[in-house]
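Here are the chains, one letter per residue:
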Amino acid sequence: MRLTKPFAPLLFLLCLFAGRAASALTVCVADTATLANALGAFNTAPDGTTLTIKLVKGTYAIGSTLGAVYYSSYPESVGLKLLGGYTAGCASRTVDPTNTVIDGLGQSGARMGVTVHGDADLLIEGVTFTRLVGGDANQAALSLGLDVDTSDTSTIEIRYSRFVNNTAAKVVYVSGAQMRFVDNLVAHNTVQPGSDSAAVHAMYSYGADSMLVATNNTIADNSGPGLRVGTSINSDSSRLSEIADNILRGNGTADLSLGQFATASNPLLVYQNMIGTTTGYMPDATNLASDPRFVDPVGGNYRLQSNSPAINSGAFLQLWGFPAHDIAGGTRIVGSRIDRGAYESPIDDSTTAIVSTTADNGNDTSPTPGSLRAAIKAANAATGPYTIRFNIAGGCPRLLSLAAPMLDVTGDVTVDGTSQAGWTPNTRYGAFDANLCFYVNGAANPNTPWALHVPASAPANARLVVRGIGFAGFNDAAIKLGGGRGHSIAGNQFGAVPFTPANASAIRVTGNSGPAFIGGYDDESAVNLIAGSSAAGIQLDNTAGGSVVANNVIGFVPDGLSGSPNANGVFVFNSKNNAIQYNYIGNNLSSGVILSGSGSNGNRVQYNVIGMAYDGSPSGNGSAGVLVSFAARNNTIGAPLNATWGGNFIVASSGPGVWISPSGGTGNSVLDNEFVSNGGLDIDLAAAGPSANQATNPATGPNALQNYPVLTSAARDFAHGIEVVTGTLDSAPNTTYRLDLYYGATCSANAAGRGLALYPLMRTAVTTGALGNVPFTASVPFGWGDLPLGAISATVTDPAGNTSELGNCVHEGDDDAIFEDGFEAPH
């Protein structure tokens, strides 16, 4: 969430999340000439627009007509959507790539490329590309990319499309920040030799926080490598990529090639695929090597036979959300799990119970027939996956008041509240506008600890999935996960239910539980509302850790604007490797996020909006925005150590923005976050308020009491967009430190002489000498346009990840002289 060109903090807050006004240009295309003209218009479309080309069903014999790369005019940011499957006049649409075909006729130069700038998006959906021809070893049949000025928010996506009988070194080439290749068929293509040839080649964009989502594709029977993923030089991404539920089989050389992928600095999950051969990667047990048993691959029919091992064997969840349907528009998901590959089989292996009443007699031995209690009892007795759906007569919503604590969940159980008539999904991030039609209330019995509970004694394969339900009045946690693994809690409301008491906590992952997924990526319907809890809204204290908390609304009422505080937002206690990302966390009585206990290590707090509503209005938390305490260590708050992305936006905290408290551990990096109007230091170590530098480093205390750099001057060259800062650092000898500079409109009013970290500038590095000190002159780009002269402050971070307090501030001078780099060039 990089902030751009603010003029004052409040104005900037209001503008950032309102979004820029963008217009849409739409063209209905029914012939090749009109298609060529429409793509030509992309080159001259005005900044901020998106060109949507709607293709009427049929075959477009383009030959070499489109044999060019289409650019939006630099530096204009223009998006493009190419959508197949429309009826005449584009009155309606059926997404099925077999009905819309772009045919290159096998002619030389029959290829297509699109390149965009800035934060523009690209989408191709529901189109078949066939008989395209790449010109040489460096050309692709279809090439989609971002220019060097790409934004981390830009998305390139190809979904529900077919690529068959093409000839090129790279049949599909995608390069960008956020790349999505979802539910496509790539088969029977001739892959010409080349150093990085492949049927599908995804390349991380240079200088961007890149990621790839490649899910539910069938890439098979191509003459060269199937899927190749590469990273640019020095690529270091904080975003988690996934390659899941694909069928990669029968391709030449390798079905999956990761030999050019830097796995150490770019997190990637590869799971639940069917893969024949690989390079640069050793598949784990979730990836099958067996024959997927296609119906007729020679004839081009890549649907699954009824005995295919790909059926009902995919992932329990996908990090970035399941496809809405399969490549041909068929239902996703049929059965207990999604099918692997592009096509979903009609075979349903799950057992289903229908809840038809809100009655509950509290008797686990003889529960009321048709009740939720009866359904859970049946689910626990089942030998396989079990789905509970709802069909309760009457209006929406329906309320279940539990007469006694609900029996535990010990099976593989999905409780699907979205099946109750009248339910509609949430449609936006930062708020909760879902219409839920089934609620569970624990207040009728004051001793009701939870609505749904997986105990620590549950078998390892126990799993709970809960969607589309409201919860109120539980005195432990509305959903408590103490055992099992692979749990998913998405699209639910916890608290802020009229005329009901609060939950103690909304969700707790504890005990022997494996990872849980709370919320979702890239799926507004997965947002949970976490409101009004008397303890932590979400508590993670399972030893295994590994949970994801993403895109939830925590501490707000459903409109996402007014407050409904939890005691604290997200509490992580002795739990490791959890990801807390993209949430709105505000109004909580204590801190927004707490990382506590020596077992809390490797956690990532990134891309969250902490203390602000989606409209930019302040919604501060009652203590720190993020608190690190009781020996929590080696956690990442914002950017990774060698990167400049992942930052949080932390606003209006009553205390510090990020506080590594006196009991906090070491190795907690706090990098590239943006702070506005916090009550204490934006980045604070040890006792609240400014701490003096130590005589030597490292010292005993939170983050080894890393000394901050003492700045002596700052000057801005407006003409060349350069900030030159001088100062000194006294710390450990012969050590290279990351130096981060921050701009503030003024110095801090709450900590005399200290700075404000309103906007991070480019990082650089300084290296101390044998005595542990170094005077430095740092010259870095000033990327915030025409902000008025303000004050500069800085932090340093040592190689172990110990970030200092935000140091002293110096007021900027105006010097338009041409500076030469001082101590070290920025990087």
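All of the points below concern the structure found in this document. (Residues numbered from 1 in each chain as written. Predicted model: local features only at pLDDT ≥ 70, side-chain atom pairs only at ≥ 80, totals over all residues. Heavy atoms only, no water.)

**Let's talk about the packing of aromatic side chains**
Definition in use: Two aromatic rings, drawn from Phe, Tyr or Trp (for Trp, its six-membered ring), form a pair once their centres lie within 6.5 Å of each other, and the interplanar angle then sorts them: stacked below 30 degrees, edge-to-face above 60, tilted otherwise. The helix count covers DSSP runs of H or I at least four residues long, the strand count covers runs of E at least two residues long, and both are numbered beginning at the N terminus. Exposure categories follow from relative accessible area, calculated using a 1.4 Å probe and restricted to protein chains: below 20% of the type maximum is buried, above 50% is exposed, and the middle band is partly exposed. Whether a charge lies above a ring is judged from NZ of Lys or CZ of Arg, which has to be within 6 Å of the ring centre and within 35 degrees of the ring normal.
This model, assessed by the stated rule, comprises 13 aromatic pairs. Seen from their ring centres, F129 and F163 are 5.2 Å apart, and the 5° between their planes marks the pair as stacked. With F129 in strand β9 (residues 128-130) and F163 in strand β12 (residues 162-164), this pair connects stretches of sequence that are 34 residues apart. Relative to Y759, the ring of Y743 lies with its centre 5.9 Å away and its plane at 10°, an arrangement referred to as stacked. Of the two residues, Y743 is situated in strand β62 (residues 736-744) and Y759 in strand β63 (residues 759-760); the sequence distance between them amounts to 16 residues. Each member of the pair Y743 and Y759 is classed as buried. An aromatic cluster of at least three residues, connected via ring pairs, comprises W320, F517, Y521, Y582 and Y607. In this arrangement the basic side chain of K170 is found over the ring face of Y173, its NZ or CZ atom lying 4.6 Å from the centre. Between R716 and the ring centre of F782, over which it is positioned, the NZ or CZ distance is 3.9 Å.

**Re empty space enclosed by the protein**
Note the following rule: The distinction between a cavity and a pocket rests on a 1 Å grid over the protein atoms alone: a 1.4 Å probe fits inside a cavity but cannot get out, while a pocket stays open yet meets protein on both sides within 12 Å along at least five of seven lines, and a residue with an atom within 4 Å of a point counts as lining. Grid points are joined across faces, edges and corners, and a volume is the space filled by probe spheres set on the points. Only Asp, Glu, Lys and Arg are considered charged in this grouping, and only Ala, Val, Leu, Ile, Met, Phe, Trp, Tyr, Cys and Pro are considered nonpolar; every other residue, Gly among them, is considered polar.
One pass over the structure, following the stated rule, counts two cavities of 30 Å³ or more. Considered as a void within the structure, the largest cavity measures approximately 60 Å³ in volume. Only β11 (155-159), β15 (178-182) and β18 (198-204) provide two or more residues apiece to the lining of the largest cavity. Its residues assigned to classes, the lining of the largest cavity shows nine nonpolar, one polar and one charged. The volume enclosed by the second largest cavity comes to roughly 40 Å³.

**As for helix α2 (residues 32-42)**
Here is the rule we go by: The reported arc concerns the directions from the helix axis to the C-beta atoms and nothing else. For the purposes of these results, a polar contact is taken to be a pair of N or O atoms within 3.5 Å, where, inside protein, one atom must be able to donate a hydrogen and its partner to accept one; residues adjacent in sequence count only when each atom of the pair is a side-chain atom.
Restricting attention to buried positions, one finds in α2 the residues T32, L35, A36, A38, L39 and F42. One side of α2 carries all its buried residues, which in axial view fall inside an arc of 160°. Among the residues of α2, the N-terminal cap falls to D31, whose side-chain oxygen and the backbone nitrogen of A33 are separated by 3.2 Å.

**Section: the side chain of S653**
Defined as follows: Residue contacts follow a heavy-atom distance rule, with two residues in contact if any of their heavy atoms lie within 4.5 Å.
Within the fold, S653 resides in the loop between β55 (649-651) and β56 (658-660). On the accessibility criterion, S653 (3% relative accessible area) is buried. A distance of 3.2 Å separates a polar side-chain atom of S653 from the backbone nitrogen of G625. Not counting the four nearest positions on each side in its chain, S653 is found in contact with G620, N621, S623, A624, G625, S677, N678 and G679.

**Observations regarding the state of the cysteines**
A covalent bond bridging the sulfur atoms of two cysteines is what the word disulfide describes. The line we're drawing: Here, the term disulfide refers to a pair of cysteine sulfur atoms separated by no more than 2.5 Å.
Applying the stated criterion across every chain yields a total of three disulfides. Two residues, C396 and C437, share a disulfide whose sulfurs are 1.9 Å apart. The S-S bond linking C396 to C437 shows a torsion near -90°; that makes this disulfide left-handed. Of this pair, C396 sits in the loop between β31 (386-390) and β32 (398-401) while C437 sits in the loop between β33 (412-416) and β34 (438-441); the two residues are 41 residues apart in sequence, bridging distant segments of the chain. For C437, a relative accessible area of 0% translates into the label buried.

**Side note on the pattern of salt bridges**
Quick note on the threshold: Each salt bridge in this description consists of a side-chain nitrogen of Lys or Arg and a carboxyl oxygen of Asp or Glu lying within 4 Å of one another.
As enumerated under the stated definition, the model contains 18 salt bridges in all. A salt bridge links R131 to D103, with the nearest nitrogen and oxygen atoms 2.6 Å apart. Taken together, the positions of R131 in the loop between β9 and β10 (140-146) and D103 in strand β6 (residues 100-103) put the pair 28 residues apart, joining distant regions of the chain. Judged by its relative accessible area of 8%, D103 falls in the buried class. The residue R373 makes a salt bridge to D364 at a minimum N-O spacing of 2.7 Å.

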